[in-house]
Amino acid sequence: MAIEEMINLDDPGVYRQFDSQGMLNHLHNFPVLCQQAWEKAINFTLPGEYKNVNKAIILGMGGSAIGGDLAGNLIADEVEIPLVVCREYNLPRYADGNTLVVASSYSGMTEETLCAFLQAGDTPAKKLAITTGGDLKKFCQTKNIPVFCFEYGCQPRAALPFSFLVILGVLQQLGIIRDKTSEVKETLTILKQLASRVAENIPTSQNPAKLLAQKLEGRLPIIYGGGITAEVAHRWKTQINENSKSMAFYEVFSELNHNAIVGYQFPEEVAHNSMVILLFSDLLHPRLQLRYSITCRLLDQAGIYYQTVSGEGSSALSQMMSLILLGDYVSYYLAILNRVDPTPVQPIEYLKQQLART
C-alpha cells in the first residue's frame, strides 16, 4: 500500500489542487470586507422610530447567526437592553413594538429565519433584514421593511463582516452602543498586519496559522474561550467543522471549570489525541485570567496537548477580530492538510434537499 506524500503548506500547488472554489480569496478579502461592511452600515438609513427600542432579537442560523453572537458578546458590558440571538422557528413571544427584530440570512432563504421573521411581520416590532436577496428580501419589499442588502458571492460563513459589523453599525446608529469608529479603525489596521503574517506565501516556520494547523492535524480540536473570546471560540469550532470537515467542540469559561475539567480522564485515547486551544485576551476579568492559568495546569497534569492564542490590539473589537481571522486561516490550512476542499458543505446541502421533500 502506497504511503501518501505529506502535504507541504509552502507549496503553492496544494492550494490549486484542493481549493477549487477559491476560499483562500475570501480570506484575503476579509480586512477589505470589514471596511466595506462598516462604511455601508453607518451610512444605512433607518426610520427614526427605530431608536425607541428596549430589546433586540437577532434571527439567524449558522454563519449568518454568529455575527449576532459576536455582537452580543462584544457589547455585553455597555448595553442597557437585552440582545438575544434566536435560532428557532418561532419568534419569542415577548417581541413587541419596543423590540428590534433583525433577520440575518445570507441567502434570504434560511428556513428557520424566514419562519420566525414572517411571524414578526404580524407584530408592531421594528424590523430589519440583512441579506443578499431571496424570499427574505421579497417579503420585506411587500411589507416596506428596511433591507440591508449586500452583494458578495461566497459561502455564508465567509460573509461574516456583513453579519457582525453591520449589526454593530445599526446599534450605533440607534444610540444603543457607543461610537465604535476608533475601534474599527484600529481593527482594520490589526487585520491587515495579521493577514500579512498568516498568508499562504509566508513560510510555515514563520506562519502561526500554518504551525497551529499542523499541530491540530490528526487531533480533536477543543476550543476554549471566555468573556469577549467566548463566541470567538464558537466561530473557531464552526470554521473547523465547515472548512476542515473535522469534528471540533468549544467550551466557555467559567462554565467549563464546573464540569469539563473533570472529564479529562476518559476515554484516554481521545484525551491523548485532542488539542485544546485557549483563546485569550488581556482584557478579560482578572479572575477569569487566573482560571485560564489554573486550567492550563490541569491540562498539563492530564497530559492533554494545548496552546494559548492571544488577541491583538488594544480594543476588544480588534482582539476578537484578530482571533477570528487567525482561526479562519487555521481552519483553511487544516482543510488542506486533510486533503479536502474547504468550500463545499455537502452534508448541509443534503439535509436541505431532504427537508425540501416534505
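Use the structure listed above.
From a predicted model like this one, the values you see are computed outputs, not experimental measurements.

### A short note on the sheet that holds strand S1 (residues 55-59)
Link 1 in the chain: As summarised here, the arrangement of the five strands in space is S2-S1-S3-S4-S5, forming an open sheet in which the pairing is parallel. Across the chains shown, the open sheet's two edge strands, defined by having one partner strand only, are strand S2 (83-86) and strand S5 (147-149). Strand-to-strand, the axes of this sheet are offset by a mean angle of 15 degrees, without reference to chain direction.
Link 2 in the chain: Pairing between S1 and strand S3 (residues 99-105): five bridges, direction parallel. Bridging from a neighbouring strand, Ile57 pairs with Val101 of S3.
Link 3 in the chain: Those strands touched by helix H6 (residues 160-173) are S1, S2, S3, strand S4 (126-131) and S5, and its axis lies near 150 degrees from that of S4.

### A word on the packing of aromatic side chains
Link 1 in the chain: Taken as a whole and assessed by the stated rule, the structure comprises 11 aromatic pairs.
Link 2 in the chain: These aromatic residues form a ring-pair network of at least three members: Tyr15, Tyr329, Tyr332 and Tyr333.
Link 3 in the chain: Against the face of Phe148 rests Lys40, its NZ or CZ located 5.2 Å from the ring centre.

### Digging into the state of the cysteines
Link 1 in the chain: As enumerated under the stated definition, the model contains zero disulfides in all.
Link 2 in the chain: With no disulfide of its own, Cys140 lies 9.7 Å from the sulfur of Cys149, the closest cysteine sulfur.

### A short note on the environment of Leu355
Link 1 in the chain: Considering the arrangement of structural elements, one finds Leu355 in helix H13 (residues 346-356).
Link 2 in the chain: The spacing of Leu355 and Glu111 is 244 residues in sequence and 9.7 Å in space, taken between C-alpha atoms.

### Some remarks on the pairing of strand S7 (residues 249-253)
Link 1 in the chain: Sheet analysis places strand S6 (residues 220-226) next to S7, joined by five bridges and oriented parallel. For Ile222, the partnering residue across the bridge sits in S7 and is Phe249.
Link 2 in the chain: As for the winding sense of the linkage, the β-α-β connection from S6 through helix H9 (residues 230-244) to S7 is right-handed.

Conventions we followed
Each chain has its residues counted from 1, following the order in which its sequence is written. In view of the model being predicted, local features appear only for residues whose pLDDT reaches at least 70, and side-chain atom pairs are presented and counted only at 80 or more, with totals across whole chains, interfaces and linings using the full set of residues. Where side-chain values are given, they derive from all heavy atoms of the structure, hydrogens and water being excluded. By the convention used here, strands pair only if DSSP detects at least 2 bridges between them. Strands here are runs of E lasting at least two residues and helices are runs of H or I lasting at least four, both read from the DSSP assignment and numbered beginning at the N terminus. Axes here mean lines fitted to C-alpha atoms, for a helix over just the part in contact, with angles spanning 0 to 180 degrees between N-to-C directions. Any two residues having at least one pair of non-hydrogen atoms within 4.5 Å are treated as being in contact. Pairing of aromatic side chains requires ring centres within 6.5 Å, counting the rings of Phe and Tyr and the six-membered ring of Trp. Pairs whose planes differ by under 30 degrees are stacked, by over 60 edge-to-face, and all others tilted. Only lysine NZ and arginine CZ atoms are considered, and such an atom sits over a ring when it is within 6 Å of the ring centre and within 35 degrees of the ring normal. Two cysteine sulfur atoms make up a disulfide if the distance between them is within 2.5 Å. Whether a crossover is right-handed comes down to one check: with the strands pointing away from the viewer, does the path from the first strand over the helix to the second run clockwise; if it does, it is right-handed.

Everything listed here is a matter of coordinates, which is why it stays silent on function.
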